Amino acid sequence: MAEGAWLEGTLADCPGEPLTQDHLVWKSGLPDALREVCNRVTTAGGGIWLVGGSVREAMLNNPWNDLDLTTTLSPDEIETLFPRSIPTGAQYGTITVRIVNSDLEFEVTTLRSEGTYGDGRRPNEVTFGQSLKEDLSRRDFTINAMAIDLARNLLHDPYGGRSDLDNQCLKAVGDATARIGEDGLRILRAYRFMDQQSRGIWEPDEDLAHALTTCGKMLENVSQERIWSEFKRILKGQNAPQVLERMRMDGLLSRILPGWDAELKP
């Protein structure tokens, strides 16, 4: 094996398109520790893909932040492969992986499908699987439902997230009301993702905009700790005044801060 090579693991069950030259340059800046984690998984017979915010940032040619991975291997298999790992959310398939000679941590989550969300906060049951397409289908927004096969230099984007990034549009994966209804915190995540910092405010599509105004009651099922954690991230945004005004007009601000219905000035 050539030094610095990425080993190919299980092939995804959804089409992939080649990474552009800009994306390959972005990939070249990824840490060696990430390649070691991926190669150890593929050597054990698994498939592994980069997912989440870093894929979104890669498409925008922004620096990577958290490096999250999804795999065909089970949480137990990941823990065995990485003795220094931490079972931060093993019941939901997530293991925080650490390796020797690196201070970086990687969240590695087993591919999964989920049943209904009976309490509007967490799935009633989680079933581990082998389908990347199904795993991506349960994510909140299309711009977060992409994956990169780092060995094959392929982008897997079955729900059109890259196109929505190009069009600066925020869309839910599948039916927006159903997706928001699964977890009330996704309401606040939607407003946070509207703020694209120096790229301005991105508008939700019609279906998502409707869901945000009709599903507000779902916030009652979310703990105050989770609400405030997400709300603080909104407040730190470059375009926070505009986002807060939108929340006020949509009737969401008063659900978080009762009585704060006064018009907000940017």
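Below or above, wherever it landed, is the structure these notes cover. For clarity, every value in this text was computed on a predicted model and none was experimentally measured.

Rules used throughout
- Residues numbered from 1 in each chain as written.
- Predicted model: local features only at pLDDT ≥ 70, side-chain atom pairs only at ≥ 80, totals over all residues.
- Heavy atoms only, no water.
- Helix = DSSP H or I, 4+ residues; strand = E, 2+ residues; numbered from the N terminus.
- Buried < 20%, exposed > 50% of the residue type's maximum accessible area, 1.4 Å probe, protein only.
- Contact = heavy atoms within 4.5 Å.
- Areas by Shrake-Rupley, 256 points an atom, 1.4 Å probe, with all protein chains shown as cover.
- Polar contact = N/O pair within 3.5 Å; in protein donor to acceptor, adjacent residues only side chain to side chain.
- Pairing = 2+ DSSP bridges.
- Core = buried A, V, L, I, M, F, W, Y, C linked by side-chain atoms within 4.5 Å.
- Axes fitted to C-alpha atoms, helices over the stretch in contact; angles between N-to-C directions.
- Parallel < 35°, antiparallel > 145°, perpendicular 65-115°, else oblique.
- Phe/Tyr/Trp six-rings, centres within 6.5 Å; stacked < 30°, edge-to-face > 60°.
- Expected span 1.5 Å × (residues − 1).
- Arc of directions from axis to C-beta.
- Salt bridge = Lys/Arg side-chain N within 4 Å of Asp/Glu carboxyl O.

Bringing the overall build of the protein chain into the picture now. The helix and strand tally for the protein chain stands at 12 helices and 12 strands. Dimensions of the protein chain along its principal axes, counting C-alpha atoms only, are 65 × 40 × 35 Å. Considering the protein chain as a whole, with its 266 residues, one finds that 50% of them fall into the buried category. Sequence-distant contacts in the protein chain: of pairs separated by 6 or more residues, those separated by 24 or more amount to 65%. Accessible area for the protein chain stands at about 12800 Å²; split by element, carbon and sulfur atoms hold 47% of it.

Here we take up unusual backbone geometry. Of note in this structure, N153 is not a glycine but carries a positive phi near 55°. Relative to the elements of secondary structure, N153 occurs in the loop between β9 (147–149) and β10 (154–156). Here the phi dihedral of Q197 falls at roughly 55°; this positive angle occurs in a residue that is not glycine. Relative to the helices and strands, Q197 resides in the loop between α8 (185–194) and β12 (203–204).

Another aspect to go through is the environment of N144. Within the secondary structure, N144 sits in the loop between α5 (132–137) and β9. C-alpha separation for the pair N144 and I99, spaced 45 residues apart in sequence, amounts to 26 Å. With sequence-adjacent residues up to four places away left out, N144 is seen in contact with R56, R139, R189 and F193. Side chain to side chain, N144 and R56 meet in a polar contact 2.5 Å long. A polar side-chain atom of N144 sits 3.1 Å from a polar atom in the side chain of D140.

Moving on, we come to the pairing of strand β4 (residues 86–89). Remark: a regular strand shows side chains that alternate across the two faces of the sheet. Bridge count between β4 and strand β5 (residues 94–97): two bridges; the pairing is antiparallel. Its bridge partner being in β5, I86 is matched across the sheet by T96. The turn linking β4 back onto β5 is made up of four residues, and G93 within it adopts a positive phi angle of 95°.

Another point: the nonpolar core. Within the largest apolar cluster, 60 residues are counted, with the highest numbers of intra-cluster contacts made by L34, L69, I148, I187, Y191 and M247. Of the residues forming this core, the biggest block, seven residues, is contributed by α8. Aside from chain neighbours lying at most four places away, what touches M247 is L188, Y191, F231, I234, L252, L253 and I256.

Once that is clear, we can look at the packing of helix α10 (residues 224–235) against helix α11 (residues 240–249). A packed helix pair is summarised by two numbers, namely the angle formed by the two axes and the spacing between the axes. Relative orientation of the contacting elements α10 and α11 amounts to 130°, with a least axis distance of 8 Å. Classified by the angle their axes make, α10 and α11 are oblique. On the side of α10, the interface is formed by F231, I234 and L235, while α11 contributes A240, V243, L244 and M247.

Looking at where D140 falls in the secondary structure, it is placed in the loop between α5 and β9. Within the structure, D140 has its side chain in polar contact with the side chain of R189 (distance 2.7 Å). Each residue touching D140, except ones within four places of it in the same chain, is listed here: K171, A172, V173, R179, R186 and R189.

It is worth spelling out the packing of aromatic side chains at this point. Using the criterion set out here, one finds two aromatic pairs in the structure. Measuring from ring centre to ring centre gives 5.5 Å for W228 and F231, while their planes differ by 75°; the resulting arrangement is edge-to-face. Taken together, the positions of W228 and F231, both in helix α10 and three residues apart, correspond to about one turn of that helix. Judged by its relative accessible area of 2%, F231 falls in the buried class.

Its 12 residues place the ends of α10 16 Å apart at the C-alpha level, agreeing with the 16 Å of an ideal helix rising 1.5 Å per residue. All of the buried residues along α10 are I227, E230, F231 and I234. All buried residues of α10 lie within an arc of 100° about the axis, which places them on one face of the element. Each element contacted by the buried residues of α10 is listed here: α8, α11 and α12 (253–256).

As a further point, take the pattern of salt bridges. Enumeration over the complete set of coordinates arrives at 18 salt bridges. Residue R162 pairs with E17 through a salt bridge whose shortest N-O separation is 3.1 Å. With R162 in helix α6 (residues 161–166) and E17 in strand β1 (residues 17–18), this residue pair connects regions lying 145 residues apart in the sequence. Judged by relative accessible area, R162 falls into the partly exposed class, the value being 24%. You can call E17 partly exposed: its relative accessible area is 32%. In this structure, D32 and R35 form a salt bridge, with 3.2 Å as the shortest nitrogen-oxygen distance. With D32 and R35 both in helix α2 (residues 32–43), this residue pair falls three residues apart, about one helical turn. We classify R35 as buried; its relative accessible area is 17%.

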